[in-house]
Amino acid sequence: MLQWNNLPHISISADDFDDLFVTRPLNDITASSDRLCADQRLLEPRNTAFPKAYRKHGASILVCHDMAGGYHSDSFHYGGSYEYAYQLLHTQQVDSFCYFSHHLISIPPLSWQALCRHHNIDIYGTLLTEWEAGEIKCSELFASESSALKLAASLKQLAEKHSLDGWLINIENKLRDEQMHNVLQMLQHLRSGTIRVIWYDAVTSAGELIWQNALNENNAAFAKAAGSVLLNYCWT
């Protein structure tokens, strides 16, 4: 038996610990996510025996996390010291969970992936552009159909690597007319295959940043291309 004062000394740096257990956002779509995302081998297989919630109540419920910019105490796989960290309760009633933060690419932290896998909840990452900086970023991402398809391919690769079920696409900035076709092509290409896509109701088909709070002619093209839409929250 090893006594406490005879335990061998084990040295591990903070960087090593973070690389294992912490997921960080991507602010550059061309950056490698190898060191930015937690080790997927730490996750248990998806618990497919856990019944999906929609089978019980006939409707699909999505919970979208938006907590003070994201990536706080909830990022740590084994918890943190902050007692008021965001929690997802009533998991038996939830079908899908989307991790949201104010970064270009938000990949759900390992803690959230573990929770969703255990409860058989579909999990989504987020692509976000917003305000003036978002307009500049969109001029790069949607400069051509080729660049838009490259973005879709990158998101597909990230989803496959990190076992995500889909993406929330949230563009909260103006778009130019010539970008509109490329955005729709990106949505359609990303949606092909097994990846699910949710469009956030913010920019209109005319390129204006006007939240509709409803599905109508101003956002229907995006909803059709993506397959689903998350309406802005002022509809209630």
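Up top is the structure.
This text gives an overview of the structure that appears in the document.

About the cut-offs
- Residues numbered from 1 in each chain as written.
- Predicted model: local features only at pLDDT ≥ 70, side-chain atom pairs only at ≥ 80, totals over all residues.
- Heavy atoms only, no water.
- Helix = DSSP H or I, 4+ residues; strand = E, 2+ residues; numbered from the N terminus.
- Buried < 20%, exposed > 50% of the residue type's maximum accessible area, 1.4 Å probe, protein only.
- Areas by Shrake-Rupley, 256 points an atom, 1.4 Å probe, with all protein chains shown as cover.
- Salt bridge = Lys/Arg side-chain N within 4 Å of Asp/Glu carboxyl O.
- Expected span 1.5 Å × (residues − 1).
- Arc of directions from axis to C-beta.
- Contact = heavy atoms within 4.5 Å.
- Pairing = 2+ DSSP bridges.
- Core = buried A, V, L, I, M, F, W, Y, C linked by side-chain atoms within 4.5 Å.
- Phe/Tyr/Trp six-rings, centres within 6.5 Å; stacked < 30°, edge-to-face > 60°.

A separate point is the overall build of the protein chain. Within the protein chain, the secondary structure is distributed over seven helices and seven strands. When the helices and strands of the protein chain are listed from N to C terminus, the series reads α-α-β-β-β-α-β-α-α-β-α-β-α-β. A buried classification covers 45% of the 236 residues belonging to the protein chain. Here the protein chain has roughly 12700 Å² of accessible surface; of this, 55% comes from carbon and sulfur atoms.

This paragraph deals with the pattern of salt bridges. Scanning the model with the defined rule gives three salt bridges in all. Of the charged contacts in the structure, one is a salt bridge between Arg-196 and Asp-122, with a shortest N-O distance of 2.4 Å. Of this pair, Arg-196 sits in strand E6 (residues 196-200) while Asp-122 sits in strand E4 (residues 122-130), and the two are 74 residues apart along the sequence. Here Lys-137 makes a salt bridge to Glu-140, at a shortest N to O gap of 3.6 Å. Of this pair, Lys-137 and Glu-140 are both found in helix H4 (residues 131-141), three residues apart, which corresponds to roughly one turn of the helix.

Next up on the list: helix H5 (residues 145-161). A rise of 1.5 Å per residue sets the reference length of H5, with its 17 residues, at 24 Å; its end C-alpha atoms lie 24 Å apart and thus fit the reference within 8%. Among the residues of H5, Ser-147, Ala-148, Leu-151, Ala-152, Ser-154, Leu-155, Leu-158 and Ala-159 are the ones counted as buried. The buried residues of H5 occupy one face: seen down the axis, they fall within an arc of 160 degrees. Facing away from the buried side of H5 by over 90 degrees, the exposed positions are Ser-146, Lys-150, Gln-157 and Glu-160. For H5, the secondary structure elements touched by its buried residues are strand E3 (105-106), E4, H4, strand E5 (166-172) and helix H6 (177-191).

What follows deals with the pairing of strand E2 (residues 96-100). Successive residues of a regular strand alternate their side chains across the two faces of the sheet. In terms of burial, E2 is largely enclosed, as five of its five residues are buried. A two-sided burial pattern is seen for E2, the buried positions comprising Ser-96, Cys-98 and Phe-100 on one face and Phe-97 and Tyr-99 on the other. Note that strand E1 (residues 62-66) and E2 share five bridges and pair parallel. Bridging across to E2, Val-63 finds its partner in Phe-97.

All right, on to the nonpolar core then. Formed by 41 residues in total, the largest nonpolar core has its most connected members in Trp-167, Ile-169, Met-186 and Leu-187. With six residues, H5 is the largest single contributor of residues to this core. With near-sequence residues (within four places) excluded, Met-186 lies in contact with Leu-127, Phe-142, Ala-148, Leu-151, Ala-152 and Ile-169. Within the second largest apolar cluster, nine residues are counted, among which are Cys-98, Leu-168, Ile-198 and Ala-202.

This brings us to the packing of aromatic side chains. Taken as a whole and assessed by the stated rule, the structure comprises three aromatic pairs. A ring pair is formed by Phe-97 and Trp-112, whose centres lie 4.6 Å apart and whose planes are at 15 degrees; its orientation type is stacked. One end of the pair, Phe-97, is in strand E2; the other, Trp-112, is in helix H3 (residues 110-118), and 15 residues separate them in sequence. For the pair Phe-97 and Trp-112, one class covers both residues: buried.

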